Amino acid sequence: MRTCIKKDTICEERRSLRNTSSCVEIVDAIQEHLPALYFVFSRGKTEGLAEDLGREWDFLLPDEKQQVEKAIQQAEQENANMFGGRRNNLRRLLLQGIAYHHAGLSPALKEIVENLYETRLIFVLFCTETFAVGINFPAASTVFESCRKWDGEAHRTILNREFYQMAGRAGRRGFDKVGRVYIRIDERFPEQTGFFDEEQVEPVRGRLTISPNTVLSLLCWKTDAEIQKFLSQNLAVYQNNLETARLDKDITSMDERMEELKGCFCDQMDTPPCPIFRRKLNKELNKLRRKRKRRKTDRYPGRVEQIKSMLAEKTKNCMHHACTDAQEEMGGLKEQRSHLMRRRSMLNRMTTDYPKEFDKMVELLRSMGYVDGRNLLARGAFALYVHVEELLVTELVFSGIIHEASPAEVAAILAGVDYYPGRDEVVLPGEYEMDEVGVLLNDLEEMGVPEHLRAWSPVPGPLAEAWYNGATFEQLMGRCNLHEGDVFSLLRRAIDLLRQMERAAGEDRELKEKVFHIRRTLDRDEIAVLL
């Protein structure tokens, strides 16, 4: 039986001075049910919790440490300095059977973490939810540090389908009879922990975006009839229509039932002789009397006397059970109907008028000289092959900026296309000014191009420029505080964009050769896209 080493002996004194980490307590409690995937909704926190656990636990036996050391050495032969800088701690944690995994890691680091996890040499893996997508990595247990996450706009409780996507990793076929799922609850906010229901998993909804490329592709390849069918018979429209029809049916059914219930009421309903109405009057009277005791001003002077006068009338002698039950049922139906009406109203707001959106985009493209009727002009023919910020990229070319800029400057400009820098990202300035792009963005705004179709940032430019000029990856990391994975991502996106531009250039041989040369220069060493 495995005996995991808890570092009590060497840490006893330090532990007395340090707050006990909650993740350490949890792993302590579930140590019979490892390996565990410990889901955390923050890159920094995956690293912090792994560090906390690494101070207390070492899961590996001597021969297992040798296996891990051998795997690390092999990986380092192919990717020197992969554990350099801030990742030196990951090397140490791996030798203890602990790791973290998130999108900020370089592909080489992700690969070795995944390989060691698959060979059962990692016992606790702190990860973000992306680890639960794609390749199946099962565990004996899954742990949720929290059930709330930041979705880019607000903090919210995770959805049923998000929870089951991650929780479903618990339980390994052939090893575990059951999979165990643990949720850390903050006692101060117990209501913030979701109560998840597998029967209520949210359906996947279709989303169609009418982008410039969508419109250009439809105009180029489809007939008018085919375009009309595409805009009116896509999945998003089908799902909205289906749900709206279901809501209408339920609302109609409730209306019919409420009409039936009205037959239970006599003609003295809501009059002073009606026992139910008198009950309401008594409640209102007591409420007004309490207000008077608290010396609050009457909003309706004379109402007390009016109620007393009505209550002085003779009560109708009836059992009123039928109308009481009917009234209670009607109250419930009204509440449900109100909920369904709100849902239908929300669906109507969410429903996009795709033909209208299509016409609006056609008009924008016409005004910018991309199309003439159904015909694609030179700008339109170029944008047809660009799939990200197509208007901005096309204008960068047709304004002459790409032709006149040096190759390194072009790499810097294109790295900023569709890039949204993080709040605390820092990159040292590069050699080139990119003021012309700012002027172009202002021109596009004046032309009516929406902000989301002209997204660009100068932040990553100096990194692409330095990489083009031959800098090493370590030198890039020394120029910024980004994660390695983010630097990989922005450079590979630039390479992909250059490939699109190469295809879009058509007969413009000068442009085609220029972007080909830049792409081949960027596509090297660690960043190389193996296609």
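Every chain is numbered on its own, with residues counted from 1 as its sequence reads. Since the coordinates come from a predicted model, pLDDT governs what is reported: local features require at least 70, and pairs of side-chain atoms require 80 or more to be given and counted, while whole-chain, interface and lining totals use all residues. Only hydrogens and water are set aside when side-chain values are computed; all heavy atoms of the structure are taken into account.

Things to note about unusual backbone geometry
In this chain, Leu34 is followed by Pro35 through a cis amide linkage whose omega measures 10 degrees. Positive phi, close to 65 degrees, is recorded for Asp270, a residue that is not glycine. Type-normalised accessible area, obtained with a 1.4 Å probe on protein chains alone, sets the label of each residue: buried when under 20%, exposed when over 50%, and partly exposed for intermediate values. Look at Asp270 and you get partly exposed, because its relative accessible area is 46%.

Some points on the sheet that holds strand S5 (residues 124-127)
Strands pair, by our definition, only if DSSP identifies at least two bridges between them. In this description a helix means any DSSP run of H or I spanning at least four residues, a strand means any run of E spanning at least two, and both kinds are numbered starting from the N terminus. With parallel pairing, 5 strands are arranged side by side in an open sheet as S4-S5-S2-S6-S9. Each end of this open sheet is capped by a strand with a single partner; those strands are strand S4 (98-101) and strand S9 (180-183). Neighbour-to-neighbour, the strand axes of this sheet turn through a mean angle of 20 degrees, independent of strand direction. Of the strand pairs in this sheet, strand S6 (residues 141-144) and S9 are connected by 4 bridges, and their pairing is parallel. Along S9, the bridge assignment pairs Ser141 with Arg180. The sheet contacts of helix H6 (residues 107-118) involve strand S2 (36-39), S4 and S5, and relative to S4 the element is tilted by about 130 degrees. Here the axes come from fitting lines to C-alpha atoms, over the contacting stretch only for helices, and the angles between their N-to-C directions go from 0 to 180 degrees. By the convention used here, residues are in contact when the closest approach between their heavy atoms is within 4.5 Å.

So, the side chain of Arg454
Along the chain, Arg454 falls in the loop between helix H19 (435-446) and helix H20 (461-468). Although Arg454 is buried, it forms no salt bridge, and the closest oppositely charged side chain is Glu445 at an N-O distance of 4.2 Å. Here Val449 takes part through its backbone oxygen, which lies 2.8 Å from a polar atom of the side chain of Arg454. Beyond its immediate chain neighbours, meaning those up to four positions away, Arg454 contacts Glu389, Leu392, Leu441, Leu444, Glu445 and Val449. As used throughout, the charge tally considers Lys and Arg to be positive and Asp and Glu to be negative, leaving His and the chain termini uncounted. Here, a salt bridge means any Lys or Arg side-chain nitrogen found within 4 Å of an Asp or Glu carboxyl oxygen. Definition of a polar contact: a pair of N or O atoms within 3.5 Å, with one able to donate and the other able to accept a hydrogen when the atoms are protein atoms, and with sequence-neighbouring residues admitted only if both atoms are side-chain atoms.

Structural notes on the packing of aromatic side chains
Geometrically, a pair of aromatic rings is defined through the distance of the ring centres and the angle of the planes. Side-chain rings of Phe, Tyr and Trp, where Trp is taken by its six-membered ring, are said to pair if the distance between their centres is within 6.5 Å; with planes under 30 degrees apart they count as stacked, over 60 as edge-to-face, and otherwise as tilted. A full pass over the atoms with the stated rule returns 11 aromatic pairs. Ring centres of Tyr117 and Phe131 lie 6.0 Å apart, and the angle between their planes is 85 degrees; this geometry places the pair in the edge-to-face category. Of this pair, Tyr117 sits in helix H6 while Phe131 is found in the loop between S5 and S6, placing the two residues 14 residues apart along the sequence. An identical accessibility class is assigned to Tyr117 and Phe131; each is buried.

Section: the packing of helix H22 (residues 484-504) against helix H23 (residues 509-522)
The N-to-C vectors of H22 and H23 enclose an angle of 155 degrees; their axes lie 9 Å apart at closest approach. Classified by the angle between their axes, H22 and H23 sit roughly antiparallel to one another. The crossing of H22 and H23 is left-handed. Across the interface between the two elements, Ala494, Ile495, Leu498, Arg499, Met501 and Glu502 of H22 pack against Lys512, Val515, Phe516, Ile518, Arg519 and Leu522 of H23. Residues are grouped as follows: Ala, Val, Leu, Ile, Met, Phe, Trp, Tyr, Cys and Pro are nonpolar; Asp, Glu, Lys and Arg are charged; all remaining types, including Gly, are polar. Tallied by class, the residues present in the contact of H22 with H23 amount to 8 nonpolar, no polar and 4 charged. Roughly parallel here means an angle under 35 degrees, roughly antiparallel means over 145, roughly perpendicular means 65 to 115, and every remaining angle is called oblique. Each crossing gets its hand from how the near helix is turned against the far one by less than a right angle, where anticlockwise is left-handed and clockwise is right-handed.

A short note on H20
Within H20, 8 of the 8 residues are buried, which leaves the element mostly enclosed by the surrounding structure. The set of residues buried in H20 consists of Gly461, Pro462, Leu463, Ala464, Glu465, Ala466, Trp467 and Tyr468. Where H20 is buried, its residues meet helix H18 (407-415), helix H21 (473-478), H22 and H23. Phi turns positive one or two residues past the end of H20, at Gly470, with a value near 100 degrees.

Some words on the pattern of salt bridges
Inspection of every chain in the model, using the stated rule, returns 30 salt bridges. Residue Glu162 is joined to Arg156 by a salt bridge in which the shortest nitrogen-to-oxygen separation is 3.0 Å. The class of Arg156 is partly exposed, set by a relative accessible area of 22%. One salt bridge in this structure joins Arg257 and Glu260, with 2.9 Å as the shortest N-O distance. Of this pair, Arg257 and Glu260 both sit in helix H10 (residues 235-262), separated by 3 residues, roughly a single helical turn. Here the salt bridges share partners, and the residues they tie into one network are Glu129, Lys149, Arg156 and Glu162.

Remarks on the confidence of the model for the protein
Predictor confidence is given residue by residue as pLDDT, running from a minimum of 0 to a maximum of 100. Looking at the protein, the pLDDT average stands at 85 and 93% of residues meet or exceed 70. Here residues 8-21 is modelled with pLDDT under 50, and outside its nearest four sequence neighbours on either side it reaches 8 contacts, counting other chains as well.

A few points about the nonpolar core
When a protein is soluble and globular, its nonpolar side chains tend to lie buried together. Within this scheme, the nonpolar core is defined by two criteria: the residues are buried Ala, Val, Leu, Ile, Met, Phe, Trp, Tyr or Cys, and they are joined through side-chain atoms within 4.5 Å. Judged by nonpolar contacts, the single largest core of 76 residues is most densely connected at Leu396, Leu414, Leu476, Val487 and Leu522. No other element matches the 10 residues that H22 contributes to this core. If near-sequence neighbours (up to four positions away) are discounted, Leu396 is found in contact with Ile401, Ile402, Ile413, Leu414, Val417, Val437 and Leu440.

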